[in-house]
Amino acid sequence: MANKRNLPVRSNLATPTSYSHADARSNNCYMTPPSFNPVNPNQSNSQISTLTISPVPFYANSPYDKQTPKPDRNQLNAFNVQKVNREDLLRMWRHDALMQEQYDTAMFVGETVLSITNDPNDAFWLAKVYCSTHNYARAKSLLLKQDLLNQSSACRYLAALCCVKLFDWQGALSLLGEENPFRSGTGKLPKLKMQDGGIKLEASMCYLRGVVYTNLNNFDKAKDCYKEAVLLDTKCFEAFNQLVSNHLLTVKEEWELVNSLDFTAYSKEDADFLRAMYTLKINKLAHEDELSRASAYLSSVSGLKGSADLLLCRAEVLFVKSCFRDALKLTSQILENDPYKLEAYPVHLACLHELGEKNKLFLIAHDLTDKQPTKAVTWLAVGIYYLCVKKITEARRFFSKASTMDPHFGPAWIGFAHSFAVEGEHDQAISAYTTASRLFQGAHLPYLFLGMQHMQLGNMLLADEYLKSSYELCQHDPLLLNEMGVLAFNKGDMQQAIKWFRSALKLVKKTQGNETVWAATWANLGHAYRKLKMYDPALEAFQQGLYLSSRDANIHTAISLIYLLKKNPAEAIKHLHESLAISPAETVSSDLLKRALEENASASNVSDVNIVFEDSGSESMQSSSNDFGSNVEMSMDQNLSSMGDSLVNSTQSYLDSRSELNVEVFDNAIFKSSDARSFMRRM
């Protein structure tokens, strides 16, 4: 076997026996603290990545060390395998078989080379082959032998990953430690220069520790672990994505995290690029200017203008603003290029639901069940379809299936809760919404829906608490503003209720969804004006609601009530007939119609008396008739006044419950329109 020191390209091979990195094969290279005692990170291989132990040719430091020449690919391609020693030849054979998914070959060769070398790196790659075949128990068994965990951080990380795949949370935690063992004694994260260009194993272990805590439902510790991982190494996107996609951070915390990420290891251009990429993932309800700048910057980068991530970010921004048609165009473009980019489906499905595209929902659900039956988003699509066609029981079953397949999939939990709320099952809905609020602490929708449920149950104090919590997280959702107005109405603060309703309607003007559902917000505004005896603005608000929903019996009834209070029974009768034509069983409309007919008859009697006296032609009789008419009018005013008092008294419970009824109707409509909105990852 030739001496490898004489090989012309040997310095380009990053193999365990030849790589010249200072931390790769030093005496303390593989040492990690056996009992996770405090350790100097510089004396551990936790600061390197698996690139260092990869048997493929590359320069680990070439992107960051400007003095290192770039690899000569022609020279590498002309590499003479006859001059490679047997162990390295087997390693490259094993690695190429793994890359080509020829796992039997990779296992055969990997077991052979491990028997020859007994090298921890060879054990790592053989265990990686086992993991690729989903044989995690065998990989874990291999790594636990020969004290490999105390020799290699990579082996310890992979063993912990096997425990996670086997749902052995405590076993994984015992391997990783409850806290980061490489953290300095002061608790501060070490600021070490990137050593090989890969993801630091220390950061990866922090991320995996967060996954364990997530599955143990310890979300506070999970959040800390994810933050520590991405702060240790900004390339650990998995940790960042867990934080933002699962709403573990508030809007303010997300922005602070992005600003605290350390990109100093990169050039200014690369740092700006990476920061813009991360900015696209944060909450779309705030920092619109920063999002716009990041989007514009990335669009200027060659090849990224039509990037799926960039288009999805724009779609999410449009969705948050309720511009459903525009958002649907972008998600359709994404899925046209990549039909199975699952990240785009929550927004895409929500837009289709908002726009009532039942046929498209059916086709998508059918396609996903055929080709992606093991994904939670598939059964979410099925559930949304059934919710759209008002088959609530079937929708609930598939939402439940999606949440079972992925217990941390927020849209499934929200949809599951909606299926109870639509049918008035408040206790079950509250339980499901509470689970969602616990899982996704930075999302405003679970708190919003909890407030709505408690308001329907008459628990105004709890409703107030939940709605305020939701408002702290989001101030731009018209549904939330409407509910804040309803809460103020129930408290008797009509001026504040009017402000909330008008703010909601101002946002609604910019939406592209089904405008019919917002007719109830106009009706709520009309009731608030009516309570203040501002009948003209109230009538205008009701008319706006009727314009959006002409077949709403409740709005016709409310308009008739305003006309009765304005002593115009004829117009009231018209709208009451319309209301009863739409809903013949409406008892309140029937009662008001009787009163309107009585008032109209009384007004007709006064008119008939005046006509008789005018026809007599006698001046004295005219004078007498005027006196008589005045008496009749005075008597009629008294009767109308008492009738009005009686009407107000008799309908007081109706008027108050009318708002509640209107709110209830509105809630039901919103469950039809905003249940899909809540499927969004980033509201």
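Residues numbered from 1 in each chain as written. Predicted model: local features only at pLDDT ≥ 70, side-chain atom pairs only at ≥ 80, totals over all residues. Heavy atoms only, no water.

Asker: Got a minute to help me understand the overall build of the protein in this structure?
Answerer: Per the secondary structure count, the protein includes 31 helices and zero strands. When the 683 residues of the protein are sorted by exposure, 52% land in the buried category. For the protein, long-range pairs separated by at least 24 residues make up 62% of all intrachain contacts whose partners lie at least 6 apart in sequence. Carbon and sulfur atoms make up 50% of the accessible area of the protein, which totals about 31300 Å². (Helix = DSSP H or I, 4+ residues; strand = E, 2+ residues; numbered from the N terminus. Buried < 20%, exposed > 50% of the residue type's maximum accessible area, 1.4 Å probe, protein only. Contact = heavy atoms within 4.5 Å. Areas by Shrake-Rupley, 256 points an atom, 1.4 Å probe, with all protein chains shown as cover.)

Asker: What should I look at first to understand the pattern of salt bridges in this one?
Answerer: Side chains bearing opposite charge may pair, as long as their charged atoms lie close to each other. Inspection of every chain in the model, using the stated rule, returns 19 salt bridges. For aspartate 309, the salt bridge identified is with lysine 281, shortest N-O distance 3.8 Å. Within this pair, whereas aspartate 309 is found in helix H14 (residues 308–320), its partner lysine 281 is found in the loop between helix H12 (268–279) and helix H13 (288–299), the two being separated by 28 residues in sequence. For lysine 281, a relative accessible area of 25% translates into the label partly exposed. Between glutamate 423 and arginine 396 there is a salt bridge whose closest N-O contact spans 2.7 Å. Of this pair, glutamate 423 sits in the loop between helix H20 (410–422) and helix H21 (426–439) while arginine 396 sits in helix H19 (residues 392–405); the two residues are 27 residues apart in sequence, bridging distant segments of the chain. (Salt bridge = Lys/Arg side-chain N within 4 Å of Asp/Glu carboxyl O.)

Asker: Would you mind going over the state of the cysteines with me for this structure?
Answerer: By definition, a disulfide links two cysteine residues through a covalent bond between their sulfur atoms. Taken as a whole and assessed by the stated rule, the structure comprises zero disulfides. Here cysteine 323 stays unpaired: no disulfide links it, and the sulfur of cysteine 351, its closest cysteine neighbor, is 9.9 Å away. (Disulfide = S-S within 2.5 Å.)

Asker: Help me understand the environment of serine 419, please; the structure alone is not making it clear to me.
Answerer: Among the secondary structure elements, serine 419 is positioned in helix H20. In this structure serine 419 comes out as buried when scored by relative accessible area, which is 0%. In sequence terms serine 419 and arginine 397 are 22 residues apart; their C-alpha atoms lie 9.3 Å from each other. Not counting chain neighbours up to four residues away, the residues in contact with serine 419 comprise Ile392 and Arg396. One polar contact links the side chain of serine 419 to the main-chain carbonyl oxygen of phenylalanine 416, over a distance of 2.5 Å. (Polar contact = N/O pair within 3.5 Å; in protein donor to acceptor, adjacent residues only side chain to side chain.)

Asker: Would you mind showing me how to read unusual backbone geometry here?
Answerer: Negative phi is the rule for most residues except glycine; trans is the rule for most peptide bonds. Look at asparagine 118: it is not a glycine, yet its phi comes out positive at around 55°. Under the relative-accessibility criterion, asparagine 118 is labelled partly exposed at 45%. The phi torsion at phenylalanine 167 lies on the positive side, around 60°, for a residue other than glycine. Counting through the fold element by element, phenylalanine 167 comes out in the loop between helix H6 (153–165) and helix H7 (169–176).

Asker: Would you mind going over the confidence of the model for the protein with me for this structure?
Answerer: For any part of a model where pLDDT is low, the fine detail of the predicted coordinates should not be relied upon. On average, the protein scores 77 in pLDDT, and the residues at 70 or more come to 74%. Mean pLDDT in the protein bottoms out at helix H31 (residues 619–673), which sits at 34, and peaks at helix H18 (residues 376–388), which reaches 95. Contacts for the low-pLDDT stretch residues 1–43, under 50 throughout, to residues beyond four places or in other chains number 99 contacts. Within the model, pLDDT remains below 50 along residues 608–683, and this stretch shows 136 contacts once partners closer than five positions in the same chain are excluded. (pLDDT = per-residue confidence, 0-100.)

Asker: Would you mind going over the packing of aromatic side chains with me for this structure?
Answerer: Each aromatic ring pair is specified by the distance between its two centres and by the angle formed by the two planes. Tallied over the full model, the rule gives 17 aromatic pairs. Every member of this aromatic cluster is reached through a ring pair, and the members are Phe237, Phe240, Phe263, Tyr266 and Tyr278. Against the face of phenylalanine 420 rests arginine 396, its NZ or CZ located 4.3 Å from the ring centre. Over the ring of tryptophan 379 we find lysine 401; its NZ or CZ atom is 3.6 Å from the centre of that ring. (Phe/Tyr/Trp six-rings, centres within 6.5 Å; stacked < 30°, edge-to-face > 60°. Lys NZ or Arg CZ within 6 Å of the ring centre and 35° of its normal.)

Asker: What is the right way to read helix H9 (residues 219–232) from this model?
Answerer: Counting along an α-helix, one turn takes 3.6 residues, and residues three or four places apart therefore face a common direction. Given a rise of 1.5 Å per residue, 14 residues ought to cover 20 Å, and the 20 Å separating the end C-alpha atoms of H9 matches this to within 8%. Every buried residue of H9 is listed here: Phe219, Ala222, Lys223, Cys225, Tyr226, Glu228, Ala229, Val230 and Leu232. Residues of H9 that are buried sit in contact with helix H8 (201–215), helix H10 (237–245), helix H11 (251–260), H12 and H21. (Expected span 1.5 Å × (residues − 1).)

Asker: Honestly, the side chain of histidine 348 in this entry has me stumped. Any pointers?
Answerer: In this structure, histidine 348 sits in helix H16 (residues 345–354). Looking at histidine 348, the relative accessible area reads 7%, which means it is buried.

Asker: Help me understand the nonpolar core in this model?
Answerer: Proteins that are soluble and globular tend to have nonpolar side chains buried together. Grouped together as the largest cluster of nonpolar side chains are 104 residues, with contacts concentrated most on Leu349, Tyr433, Leu448, Phe449, Leu525 and Phe542. Counting residues per element, this core draws most heavily on H18, at ten residues. Leave out the neighbours within four places in its chain, and leucine 448 touches Leu467, Ser470, Asp477, Leu479, Leu480 and Glu483. Counting 73 residues, the second largest nonpolar core, distinct from the first, contains Val129, Val211, Leu243 and Cys313. (Core = buried A, V, L, I, M, F, W, Y, C linked by side-chain atoms within 4.5 Å.)

Asker: Honestly, a positive patch on the surface in this entry has me stumped. Any pointers?
Answerer: Taken together, the side chains of Arg502, Lys506, Lys509 and Lys510 define a basic patch exposed on the protein surface. Summarising the element assignment, lysine 510 is placed in the loop between helix H25 (494–508) and helix H26 (519–531). (Patch = residues over 30% accessible without salt bridge, like charges linked within 9 Å, V, L, I, M, F, W, Y side chains within 5 Å. Lys, Arg positive; Asp, Glu negative; His and termini not counted. Charge placed at Lys NZ, Arg CZ, Asp CG, Glu CD.)

Asker: Hey, could you run me through the side chain of histidine 556 in this one?
Answerer: Mapping histidine 556 onto the fold places it in helix H28 (residues 553–565). According to the relative accessible area criterion, histidine 556 is buried, its value standing at 5%. Once residues lying within four places of it in the same chain are set aside, the contact partners of histidine 556 are Leu546, Ser550, His575, Glu578, Ser579 and Ile582.

Asker: Where do I start with the packing of helix H17 (residues 358–371) against H18 in this structure?
Answerer: For any two helices packed against each other, the geometry is given by the interaxial angle and the distance between the axes. Where H17 meets H18, the axes come as close as 9 Å, and the angle between the chain directions of the two elements is 150°. When the interaxial angle is binned, H17 and H18 end up roughly antiparallel. The chirality of how H17 crosses H18 is left-handed. Where H17 abuts H18, its residues Lys358, Leu361, Phe362, Ala365, Leu368 and Thr369 lie against Val377, Thr378, Trp379, Ala381, Val382, Ile384, Tyr385 and Cys388. (Axes fitted to C-alpha atoms, helices over the stretch in contact; angles between N-to-C directions. Parallel < 35°, antiparallel > 145°, perpendicular 65-115°, else oblique. Left-handed = near helix turned anticlockwise from the far one by under 90°.)

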